[in-house]
Amino acid sequence: MIRFEQVTKSYPAAGGRESTTAVDHLSLEAPTGQITVFVGPSGCGKTTSLRMINRMIEPTSGQILIDDRDVTSVNASELRRGIGYVIQHAGLFPHKKIVDNVATVPLLNGWDKRKARDRAHEVLELVGLPGDFADRYPSQLSGGQQQRVGVARALAADPPVMLMDEPFSAVDPVVRDQLQDEFLRLQSEIGKTIIFVTHDIDEAIKLGDQVAVLRVGGKLAQIAEPSYLLAHPIDDFVADFVGRDRGYRALAFTDAPDLRLADEPTVPLGTTPEQARAATRDGWLLVVDDGRPQGWVEPHRIEAPIEQSMLHRGGTVARARGPLRASLDAALSSPSRRGVLVDDDGRLVGTVRAHEVLHAIEEVDRPEVHDEDIAPTSAAGD
Ligand SMILES: Nc1ncnc2c1ncn2[C@@H]1O[C@H](COP(=O)(O)OP(=O)(O)OP(=O)(O)O)[C@@H](O)[C@H]1O
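Residues numbered from 1 in each chain as written. Predicted model: local features only at pLDDT ≥ 70, side-chain atom pairs only at ≥ 80, totals over all residues.

Undergrad: Residues and numbers for helix α7 (residues 173-190), please.
TA: For α7, spanning 18 residues, the distance from its first C-alpha to its last is 25 Å, which sits close to the expected 26 Å at 1.5 Å a residue. The set of residues buried in α7 consists of Arg-176, Leu-179 and Phe-183. The buried residues of α7 occupy an angular sector of 60° when projected down its axis, which confines them to one face. Of the residues in α7, the exposed ones pointing more than 90 degrees away from the buried face are Val-174, Asp-181, Leu-184, Arg-185, Ser-188 and Glu-189. Looking at the buried positions of α7, the neighbouring elements they touch are α6 (143-155). One or two residues past the end of α7 sits Gly-191, with phi positive at roughly 55°. (Helix = DSSP H or I, 4+ residues; strand = E, 2+ residues; numbered from the N terminus. Expected span 1.5 Å × (residues − 1). Buried ≥ 20, exposed ≤ 12 C-beta atoms within 10 Å, placed from the backbone. Arc of directions from axis to C-beta. Contact = placed C-beta atoms within 7 Å.)

Structure representation (structure tokens):
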């Protein structure tokens, strides 16, 4: 566990600049094996808080403890070798091959070269960068791949703690989404104690086991599990920060009840236009391969047997037992307006329309978001 106890960081006035309190009496706990996200507007002290953990910045007062040991009692470079650190632009050495970038910390820890390189290959595999990436240079990789290397490098020495400062912010939204999904999968295997900094509330809600919202001036506004934060923001600042659509976001944590699914007519790839036109009910037809949805076609627009390149892939596919928000997204984003729901093996279970999901939402006993829940006065962490 990482514990902040009344941690303050002030910068004195200098060069015409007024004194600043970057972090103000911050107290919180980041539980072992979980992801704690620091989120808040620019300048609220997220990065300063993070960097005080590995002593890149020293607090003005207060203490930070990792597993009950004050970080200032440990030699700073030794401390840092036991803490993985990932930053926005990966921070790779441009003149070193990927494998050597990743082997850096094991080598600093005194491993022999062979063992460090073997370990580097192992973690590169873990983050989804197989064999031949190892011998490339950072500039030969895309932004998303470089971020994966950054994560691999932080994991190489198998540190129990990882600090991640906006690691996915510099890549485009689609890649970012993939990196987030992979990161969650990885964390379910490795169970590190992670502090993750972001300014993006969606990222915080998606990744955090708990989310700490900071306000400018470095004060903790609220710390809670994402679903609680969405349902019970403690004041107007947090409510505004988590957004007016927080009720919709909260659906991400509400499991779908038994939605009544419609049977959807389907055809396999290779179906002729005539067969497809006979099978469709309303102009759209779902194409499957071994029971797995591939995409939609409009049978009256095709002139040859159905192949992959003809498919409209618009529309997310949701798990039938997944959260309600995913079912609603599937319905709203589907070209046929019918959301495609699948089982855990990705096989079609049925389809659902948005109004049916909305009906289910009304029936579900979920934490309500009322304005009365928003306390007008001070914050949890004060
Ligand atoms: N070396 C410094 N000297 C003076 N003030 C500083 C210094 N470093 C940070 N600050 C100030 O401390 C406050 C917190 O900065 P910090 O970088 O921790 O915020 P942040 O929440 O990470 O912001 P961002 O998302 O923009 O990076 C800001 O007002 C910043 O200007």
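This is not the end of the story, as more comes after the structure.
Undergrad: I'd like a description of the site of the ligand, backed by residues and values.
TA: Around the ligand, the surrounding shell consists of Tyr-11, Thr-20, Ala-22, Gly-40, Ser-42, Gly-43, Cys-44, Gly-45, Lys-46, Thr-47, Thr-48 and His-199. Of all elements in the fold, only β2 (20-30) and α1 (46-53) reach the threshold of two or more residues within the shell around the ligand. Looking at the shell around the ligand, the element that brings in the most residues is α1, giving 3 residues. Looking at the shell around the ligand, its residues break down into 3 nonpolar, 8 polar and 1 charged. (Near = placed C-beta within 6 Å. Nonpolar A, V, L, I, M, F, W, Y, C, P; charged D, E, K, R; others polar.)

Undergrad: Describe in detail the sheet that holds strand β16 (residues 348-353), supporting the description with residues and values.
TA: Within a sheet, each strand pairs with its neighbour through backbone hydrogen bonds, oriented either parallel or antiparallel. Across the sheet, 3 strands lie side by side as β14-β15-β16; this open sheet has mixed pairing. The sheet terminates laterally at β14 (317-319) and β16, the two strands that pair on one side only. Averaged over all adjacent pairs, the angle separating strand axes in this sheet is 40°, with direction ignored. For strand β15 (residues 338-342) and β16, the ladder comprises 5 bridges, and the chain directions are antiparallel. From the neighbouring strand, Leu-341 faces β16, where its bridge partner is Gly-350. Helix α13 (residues 324-333) rests against β14, β15 and β16 of the sheet, and its axis sits at about 135° to β15. (Pairing = 2+ DSSP bridges. Axes fitted to C-alpha atoms, helices over the stretch in contact; angles between N-to-C directions.)

From the geometry alone we can't say anything about function, so treat these as descriptive.
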